[in-house]
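Residue-level structure breakdown
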Amino acid sequence: MSDLTPTSERPGLHVSKPSPSAPATASAACHCGASATATGDAQVKALVDGYTAHHGPAHQRTGR
């Protein structure tokens, strides 16, 4: 499998939770250069919410 870690060249959000008892992990990167990682279900949820609200679909490429 190829590397799923997002980069500014391949922006996106990657979330993993290998089992119900394991903590979730996430990484995010935007084409604007912003990036973040999180570990733990609550922190991953906050990262996903923030990325969705401020980057990803809500963040346009204009002005770069």
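Here, the structure is the one placed above.
Now for a look at the structure at hand. In this text, all values refer to a predicted model and were calculated from it rather than measured experimentally. (Residues numbered from 1 in each chain as written. Predicted model: local features only at pLDDT ≥ 70, side-chain atom pairs only at ≥ 80, totals over all residues. Heavy atoms only, no water.)

1. Some details on the nonpolar core
Note the cut-off: Put simply, a nonpolar core is a bunch of buried Ala, Val, Leu, Ile, Met, Phe, Trp, Tyr and Cys residues held in one set by side-chain atoms that sit within 4.5 Å of each other. Burial classification: accessible surface area is computed with a 1.4 Å probe over protein chains only, and a residue below 20% of its type maximum counts as buried, one above 50% as exposed, and the rest as partly exposed. What counts as a helix is a DSSP run of H or I of at least four residues, what counts as a strand is a run of E of at least two, and both are numbered from the N terminus. Residues are treated as being in contact if the distance between any of their heavy atoms lies within 4.5 Å.
One finds A24, A26, A28, A38, V44, L47 and Y51 forming the largest nonpolar core, which totals seven residues. Those elements that provide at least two residues to this core are β2 (25–29) and α1 (41–54). The leading source of residues in this core is α1, at three residues. Discounting chain neighbours no more than four positions away, the residues touching A24 are S16, K17, A38, T39, G40, D41 and V44.

2. Describing the side chain of S27
With respect to the helices, strands and loops of the structure, S27 is situated in strand β2. Not counting chain neighbours up to four residues away, the residues in contact with S27 comprise T5, P6, G12, L13, H14, A36 and T37.

3. Some details on the sheet that holds strand β1 (residues 12–16)
As a reminder of what qualifies: Being paired, for any two strands, means DSSP has found at least two bridges between them. Fitted lines through C-alpha atoms serve as axes, helices being fitted only where they are in contact, and the angles separating the N-to-C directions of these axes extend from 0 to 180 degrees.
Spatial strand order, β1-β2-β3: three strands in an open sheet with antiparallel pairing. If you trace the sheet from one side to the other, it starts and ends with β1 and β3 (35–39), each paired once. For this sheet, the mean inter-axis angle between neighbouring strands, taken without regard to orientation, is 5°. Where β1 meets β2, five bridges bridge the pair, whose relative direction is antiparallel. Bridge pairing in β2 links G12 to A29. Running over the sheet, α1 touches β1, β2 and β3 and is turned about 155° from β3.

4. Points about the pattern of salt bridges
For clarity, the cut-off: Note on definitions: salt bridges are taken to be side-chain nitrogens of Lys or Arg within 4 Å of carboxyl oxygens of Asp or Glu.
Scanning the entire structure with this criterion turns up two salt bridges. Linking K17 and D41 is a salt bridge whose minimum nitrogen-to-oxygen distance equals 3.1 Å. Taken together, the residues K17 in the loop between β1 and β2 and D41 in helix α1 connect sequence positions 24 residues apart. As a salt-bridge pair, K45 and D49 come within 2.8 Å of each other at their nearest N and O atoms. With K45 and D49 both in helix α1 and four residues apart, the pair spans about one turn of that helix.

5. Re α1
Definition in use: Take the number of residues in a helix, subtract one, and multiply by 1.5 Å to get its expected span. This arc describes the spread of directions from the helix axis toward the C-beta atoms.
The end-to-end C-alpha separation of α1 is 20 Å, in line with the 20 Å expected for 14 residues at 1.5 Å each. Of all the residues in α1, the buried ones are V44, L47 and Y51. Viewed along the axis of α1, the buried residues span an arc of 60°, placing them on a single side of the element. Opposite the buried face of α1, at more than 90 degrees from it, the exposed residues are A42, K45 and H54. Those residues of α1 that are buried lie in contact with β1, β2 and β3. One or two residues past the end of α1 sits G56, with phi positive at roughly 45°.

All quantities given are derived from atomic positions and should not be read as evidence of function.
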